[in-house]
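Overview (structure and organization)
Letter by letter, the chains look like this.
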Amino acid sequence: MPIYAPTLPPAPDLHQGQPPALVLMRFDFARLWRQKIGRFFGFAFLMMLLWKVARIYVDHLLQTNQAFRSVQDFARTILSQGADFQADLLNPASYLLWFMVALVGGGLVARDTLYRVRPLMYAHPVAPKDYLLAKLGFASALPFAILLPFALLPWLMSLVLAGTSGPVWVTAPLRLLPAMALSSVLMGSLAVGASSMAATPRAGIGWVLGLVLGTGTLASMIHGLTGLQAIDALNPILLAETWPQLFVGVEHPMVAWLPAILGTALHIGLWTFVAARRTRPSEVVI
Amino acid sequence: MISLDRASLRYGPILGLSPTTFELPDGGGITGLLGPNGAGKSSLLQLLSGLLPPSGGEVRVFGEAPFRNATVLSRLGLVPEGDRLPSGLRADRWLRMMAELSGLSGEGLKVAVVRVLDVVGMADRGHLTFARMSKGMRQRIRLAQALMHEPELLILDEPFNGLDPEARLTLMALLRDLAEKGTRILVSSHILGEIAQLTDRILLLFRGRLLAEGSVPEIRQLLDRHPVELRLTGEAQALARWAVEQPELAALRMEEGAVVISVRSPRDILPRLQKAAAEGGLPIRAMDPLDLNLDAVFQYLTKDHA
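Residues numbered from 1 in each chain as written. Chains lettered and ligands numbered in written order. Predicted model: local features only at pLDDT ≥ 70, side-chain atom pairs only at ≥ 80, totals over all residues. Heavy atoms only, no water.

A few words on the pairing of strand β6 (residues 153-157) of chain B. All names here are of chain B. Among the five residues of β6, five are classified as buried, and the element is accordingly described as predominantly covered. Side chains Leu153, Ile155 and Asp157 of β6 all project onto a buried face; the interleaved residues Leu154 and Leu156 project onto the opposite face, where all are buried too. Where strand β5 (residues 76-79) lies against β6, four bridges are found, and the strand directions are parallel. Within the sheet, the bridge partner assigned to leucine 76 lies in β6 and is leucine 153. By the bridge criterion, five bridges tie β6 to strand β7 (residues 184-189) in an arrangement that is parallel. Bridging across to β7, leucine 156 finds its partner in valine 187. (Buried < 20%, exposed > 50% of the residue type's maximum accessible area, 1.4 Å probe, protein only. Helix = DSSP H or I, 4+ residues; strand = E, 2+ residues; numbered from the N terminus. Pairing = 2+ DSSP bridges.)

Time to look at the sheet that holds strand β9 (residues 209-215) of chain B. Residues and elements named next belong to chain B. Pairing within the open sheet is mixed, and its six strands lie in the order β5-β6-β7-β3-β8-β9. The two strands at the open ends of the sheet, each matched to only one other strand, are β5 and β9. Here the average twist between neighbouring strands, direction ignored, is 15°. (Axes fitted to C-alpha atoms, helices over the stretch in contact; angles between N-to-C directions.)

Here we take up the interface of chain A and chain B. Contact with chain A, which involves 42 residues of that partner, is made by 47 residues of chain B. Summed over both partners, the interface of chain A with chain B buries about 4100 Å², with 68% contributed by carbon and sulfur atoms. Between chain A and chain B we count one salt bridge in total. Close ionic contact of arginine 26 of chain A with glutamate 100 of chain B constitutes a salt bridge, the shortest N to O distance being 2.3 Å. Our enumeration of links across chain A and chain B arrives at two residue pairs in polar contact (both at pLDDT 80 or more). In terms of residue count, helix α1 (residues 20-34) of chain A provides more of the side of chain A that touches chain B than any other element does, seven residues in total. Classifying every residue of the side of chain A that touches chain B gives 29 nonpolar, seven polar and six charged. (Contact = heavy atoms within 4.5 Å. Buried area = accessible area lost by both parts, 1.4 Å probe. Salt bridge = Lys/Arg side-chain N within 4 Å of Asp/Glu carboxyl O. Polar contact = N/O pair within 3.5 Å; in protein donor to acceptor, adjacent residues only side chain to side chain. Nonpolar A, V, L, I, M, F, W, Y, C, P; charged D, E, K, R; others polar.)

Formed by 152 residues in total, the largest nonpolar core has its most connected members in Leu48, Trp94, Ile141, Leu143, Leu154 and Leu175 of chain B. Considering each element in turn, this core owes the most residues, eleven residues, to helix α8 (residues 128-162) of chain A. (Core = buried A, V, L, I, M, F, W, Y, C linked by side-chain atoms within 4.5 Å.)

Residue and element names in this part refer to chain B. Sheet architecture is open: four strands sit in the order β11-β12-β10-β13, paired in antiparallel fashion. The open sheet is flanked by β11 (249-255) and β13 (284-289), the only strands paired with a single partner. On average, each strand axis in the sheet is inclined to that of its neighbour by 20°, with strand direction left out of account. The strands that helix α9 (residues 236-244) touches are β10 (228-234), β11, β12 (258-263) and β13; relative to β11, the one it contacts most, it runs at about 170°. Sitting on the sheet, helix α10 (residues 266-278) is in contact with β10, β12 and β13, with an inclination near 165° to β13.

A separate point is the side chain of threonine 31 of chain B. Residues and elements named next belong to chain B. Locating threonine 31 in the fold gives a position in strand β3 (residues 29-34). Among the residues examined, threonine 31 registers a relative accessible area of 1% and is labelled buried. A polar atom in the side chain of threonine 31 sits 2.9 Å from the side chain of arginine 184. Those residues in contact with threonine 31 that lie beyond four places of it in its chain are Leu24, Arg184, Ile185, Leu186, Val187, Thr199, Arg201 and Leu203.

The relative placement of two aromatic rings is captured by the distance of their centres and the angle of their planes. All names here are of chain A. Counting across every chain of the model gives seven aromatic pairs over all chains. Between phenylalanine 45 and phenylalanine 150, the aromatic rings sit 6.4 Å apart at their centres with planes inclined by 85°, giving edge-to-face as the arrangement. Pair noted here: phenylalanine 45 is in helix α2 (residues 36-64) and phenylalanine 150 is in helix α8, with a separation of 105 residues, a long-range link. Judged on exposure class, the residue phenylalanine 45 and its partner phenylalanine 150 are both buried. Ring centres 5.8 Å apart and planes at 75° place the aromatic pair tryptophan 243 and tryptophan 257 in the edge-to-face group. Separated by 14 residues along the polypeptide, tryptophan 243 in helix α11 (residues 236-248) and tryptophan 257 in helix α12 (residues 257-278) bring together distant segments of the chain. Tryptophan 257 gets classed as partly exposed once you look at its relative accessible area, which sits at 40%. Taken together, Trp243, Phe247 and Trp257 form an aromatic cluster joined through their ring pairs. (Phe/Tyr/Trp six-rings, centres within 6.5 Å; stacked < 30°, edge-to-face > 60°.)

Given below as structure tokens:
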């Protein structure tokens, strides 16, 4: 016979913690922090950052130290201080950063699919939009956090060493931060959308790389066939590199403003839509 | 606590659960959800745990529709089928995250993790990664994540799959203990023995339809198309002579040293059998009901509806 108890013990105090999306994001960051892959990329990006900072310091020495007077003209030639130089501060936004986004972001949703974690989460007070927001937030915040010191440290150093006449514009962060935000959201949405289509984390990495390189190749082919340069806006790698150029006002950006806006909106919209469809409760199986 | 009013679930053109109506009362206790593979058990659990909305009808848990309802979800715990968990993760870290998703924080969260690891018998093994855990240990952690917020309703989908006999018994003891403390438990299985060991109260599903609800004797009584079989052991000839005089007799077959009778109304015949044996007029040594168990009930019901 079933056993009936008259009353239940007092319920614990719920609804005291952080929003579910924030909890999930923190969990993903903590997991990445403990993984070797995080240390590898941390080291690689640190080296690149140190190189950039050292370059500004050498530039400063060449400008100010009389002992280097003989090479000053040469230095002015190789150490550009124009818009191209400002946009180039974010050059990790190219292949290494995309590779990292693929390795980390490819498993974000796919791992939960493989281990059937989503039914567990959705059986808690976690809405699908919380889950999606957490994954998109993590996948976008990660490249943004990596790019942040590339925008701020050289600027700060330039400001300290040479004031307003340094190699990095005083207004550079105002131009670079929105560009970084757009590039990061582009990367994050593509990674999460691709990961949601995969059944395993490894397949997720393949999906991200396949989509990034595949759309890039497709765009190049169509460009080659039609001569239409605007079609390059389908290439996510080019888009991520273009945004800093557009914001700092490079004379000949890789993609013009309108195609860049349309291409970025298309990618973010499409991959967010795919991820939202693939992480609905009806897609989970108990 | 739970009520379904003609609730159904469709997966596109496929009917997962036919319009189903039943109620489970408040308070603790274990109810077994029984049915073969594909019977609709998981569909029913998906509806109850708020993962999917019903395609038709109404589902209410704690008086409210559970689909995307945080109030309801914070009062129930779900242990889905399967034992896979991210291999590199430590169990205690995983539990902390799940507790935070339930709204716990600070000291309450720490206490909950320690308490729940103790409840599932994993107090000294919470620091292990899932890769280093046995199937039974992982199943206990899955149960632990559903108990973190002390739910009033605990839903388990095939929790005994893949467990060795010892782990099964441990888990059953744990569920009985939780039920005694006031948790309502709904546990699904396609294995009759598991449910029979755990509870007497069942919901029987077959091909997406709820066939029966209640205790095994209650359901058995309703199956009047199938007379109850009793084996009377003793002097077979004398027992057969007595049996044929009974108006409830539907069939009789002789065995060596025993007679098996089928009777339509065992409640009427049993007092007379008892009286005759007590007066010494009936040479009977033993009586065994052959089809009053869950296995027989299940066979009859599924055969009738096949």
